[in-house]
Amino acid sequence: MGKLFDFVVFPLLLPGILLWLLAARLLSLLAPFLVLPMIILGRRLSWACPFIPFIWKQCGWFQGTLLRIGFEATYTMNVCRRFLTLPLRRRTPDFLIVGFAKAGTTSMANHLHRHPAISGIDGLTWHEALSKESHFFSGALGRHSGASSAAIYRSYFPTVLQRWWVERVKRAGKWLCFDACPVNACLDFTADRLAAISPNAKLIFMMRDPVQGAFSAEIMMRNLGVPLSWSWTEDVAAGDTRFAESPDDVRFWNQVATLPPGAALPEDLNQRLYFSPYGLLRCGHYADRIAPFLRHFKRENMMFIDFADFTSNTEGVVREVLQFVGADPSLMPFKALPPGMQGERRGRQMHPSCKRKLQQHFAEPNQRLYALLGRDFGWGSDVVRSAYVTAGGTAALALPGSQKAKDEAAGHQQQGGKEVSIAAVAGGTRAVPLAAMV
Ligand SMILES: Nc1ncnc2c1ncn2[C@@H]1O[C@H](COP(=O)(O)OS(=O)(=O)O)[C@@H](OP(=O)(O)O)[C@H]1O
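Residues numbered from 1 in each chain as written. Predicted model: local features only at pLDDT ≥ 70, side-chain atom pairs only at ≥ 80, totals over all residues. Heavy atoms only, no water.

As annotated in an unreviewed UniProt entry, the chain carries the name Sulfotransferase and comes from Chlorella vulgaris.

## Here's the deal with the side chain of Ser155
Of note, Ser155 is situated in the loop between α6 (150-154) and α7 (160-169). A polar contact of 2.6 Å, which involves the side chain of Ser155, links it to the backbone oxygen of Ile152. (Helix = DSSP H or I, 4+ residues; strand = E, 2+ residues; numbered from the N terminus. Polar contact = N/O pair within 3.5 Å; in protein donor to acceptor, adjacent residues only side chain to side chain.)

## Quick look at the side chain of Glu218
As for its position among the elements, Glu218 is in helix α9 (residues 210-223). What Glu218 contacts, discounting residues up to four positions off in sequence, is Leu228, Trp230, Ser231, Trp232 and Thr233. (Contact = heavy atoms within 4.5 Å.)

## Re the site of the ligand
By nearness alone, 21 residues border the ligand, and Thr105, Thr106, Ser107, Lys132 and Ser216 come closest of all. Within the side chain of Lys132, one N or O atom sits 2.8 Å away from an oxygen atom of the ligand. For the ligand, an oxygen atom lies 2.9 Å from a polar atom in the side chain of Arg208. Relative to its free-state accessible area of 640 Å², the ligand is covered by the protein chains to the extent of 87%. Among the elements of the structure, α5 (105-113), α9 and α14 (307-312) are those that each provide at least two residues to the shell around the ligand. Examining the composition of the shell around the ligand, we find that three residues originate from one element, α5, more than from any other. Considering only residue class, the shell around the ligand consists of seven nonpolar, nine polar and five charged. (Near = heavy atom within 4 Å. Areas by Shrake-Rupley, 256 points an atom, 1.4 Å probe, with all protein chains shown as cover. Nonpolar A, V, L, I, M, F, W, Y, C, P; charged D, E, K, R; others polar.)

## Points about the sheet that holds strand β1 (residues 95-99)
Overall, parallel pairing links the five strands, which are arranged β2-β3-β1-β4-β5 in an open sheet. This sheet does not close on itself; its edge strands, each paired only once, are β2 (118-119) and β5 (302-306). (Pairing = 2+ DSSP bridges.)

## So, the UniProt feature "binding site: 3'-phosphoadenylyl sulfate" (unreviewed entry) in the chain
The residues that UniProt annotates with the feature "binding site: 3'-phosphoadenylyl sulfate" (unreviewed entry) are Arg208 and Ser216. The class for Arg208 is buried, based on a relative accessible area of 14%. In contact with Arg208, other than residues within four places in its own chain, are Lys102, Ala103, Gly213, Ser216, Tyr286, Phe307, Arg345 and Trp379. In this structure the side chain of Arg208 is engaged in a polar contact, spanning 2.8 Å, whose partner is the backbone oxygen of Lys102. As for its position among the elements, Ser216 is in helix α9. Not counting chain neighbours up to four residues away, the residues in contact with Ser216 comprise Lys102, Arg208 and Arg345. (UniProt positions renumbered as here; feature names shortened; annotations may be inferred. Buried < 20%, exposed > 50% of the residue type's maximum accessible area, 1.4 Å probe, protein only.)

## Comments concerning the nonpolar core
Membership of the largest hydrophobic core comes to 88 residues, with the highest contact counts inside it found for Phe51, Leu203, Phe205, Met207, Trp232 and Leu369. It is α9 that provides the largest number of residues to this core, a total of seven residues. The contacts of Met207, once residues within four sequence positions are left out, are Phe100, Ala103, Tyr286, Ile290, Phe304, Ile305, Asp306, Phe307, Leu369, Leu373, Phe377 and Trp379. (Core = buried A, V, L, I, M, F, W, Y, C linked by side-chain atoms within 4.5 Å.)

## Some remarks on the pairing of β1
Burial of β1 is extensive: five of the five residues sit out of reach of the surface. Across two bridges, the pairing between β1 and strand β3 (residues 176-179) is parallel. Directly across from Leu96, in β3, lies its bridge partner Asp179.

## Points about the state of the cysteines
Taken as a whole and judged by the stated rule, the model has one disulfide. At a sulfur-sulfur separation of 2.2 Å, the disulfide partner of Cys186 is Cys283. Taken together, the positions of Cys186 in the loop between β3 and α8 (189-197) and Cys283 in helix α12 (residues 277-283) put the pair 97 residues apart, joining distant regions of the chain. You'll find Cys186 and Cys283 in the same group, each marked buried. Cysteine Cys181 is unpaired, with the sulfur of Cys49 as its nearest cysteine sulfur at 7.4 Å. Residue class for Cys181 comes out buried when judged on its relative accessible area of 1%. (Disulfide = S-S within 2.5 Å.)

## Quick word on helix α2 (residues 36-48)
The first and last C-alpha atoms of α2 sit 19 Å apart over 13 residues, in line with the 18 Å expected at 1.5 Å per residue. Every buried residue belonging to α2 is among Met38, Leu41, Gly42, Leu45, Ser46, Trp47 and Ala48, and all of these are buried. On the buried face of α2, the contacting elements are α3 (52-58), α4 (61-84) and α11 (269-275). (Expected span 1.5 Å × (residues − 1).)

## Side note on unusual backbone geometry
In this structure, Phe100 follows Gly99 across a cis peptide bond, with omega equal to -10°. Phi angles above zero are rare outside glycine, and Arg171 is one such case at about 50°. You can see Arg171 is positioned in the loop between α7 and β3.

This is the structure:
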């Protein structure tokens, strides 16, 4: 915007804009009393985030009803106010944290929100997720809502008043807004739709060892009261359906990947995404999930962050992100924050056999990620696919492909050892009891 506009025209328009915003705020307060908007919007939000109804349930009818009314009333007011002021909302996000769930995206968003030039989703905040994640592409405004309309996406972000305030009053540099909805990267059609709306947006991918991510996702669902029919805490059984990829799954997700812009989202999209083990596992195939974005966005507009780097050097990584998105890092004094969305384990642990199976499952997709990004995240480095077991029941493990492994294999074979499928706990050679193997 030109200086003339900002210093002359905008101040002249300011009283009208303030009145408009005030009127919209007051009108939106009435929206929940109309009940119907609340029912329509509440149902749509629960469709996009199908775990929400379980949260009410586990709170009991009284507390659950209050919680539900509070959450849905806040959401309804936000949506109504956004639409009443849509012409004042000119911005789609400058950058997005598009993935991946359970990889520290909430913590990262909380740090970025502290920067004076950066805004998240606009509206009253009942829960931190309301200012972090739009769920626009996953259908929070309905699966027929045309989750590919730039105008509707703009409604989520603050108005021209915020831009003027940040740039001309606070003088905090260029105003930036962002969406941190980490399911976007798991929905392959998002890349195409987002590119049509914001082709120059910067994209941040936070990535965590997918084994840990999968367990964290289960813990979140269970703590929210979702009665999952499977668990990573259970032993691996023969013909284990948790790891099965059915032809129906493949057909469904292929269809999702090629969903034309504007097409309605499949009825069972979010159920499959959040509740099915296959939906979770495929989200952890990071290379495959990143590929559609690489087709639509420039590589230099994409940043990849390892969760381990983020947690061990939070300040450094946040500053790198600020630099990457074009915000001045010196304007944000760093403050340590509690981890966002931390999942209480309550004594639950991944079953060792299941953990090994998950490590094996992700070993190949991880290697493809390393090749794609030219960077070894080291997540599967402790996984070997086979070991030579002595008659005494111990296995000498070595990193696959090493000379040591070859020598040991030859030695064990000579002694009558046999090859078994196994994931080891560490690199190098270590004896592991046979009972601990899969
Ligand atoms: N600073 C720091 N240190 C250690 N761990 C951290 C940190 N920030 C986030 N976390 C962990 O990240 C997990 C939540 O990730 P997300 O915010 O992306 O979750 S969500 O997808 O938005 O639900 C969640 O992991 P689990 O506790 O294993 O479930 C958080 O504890």
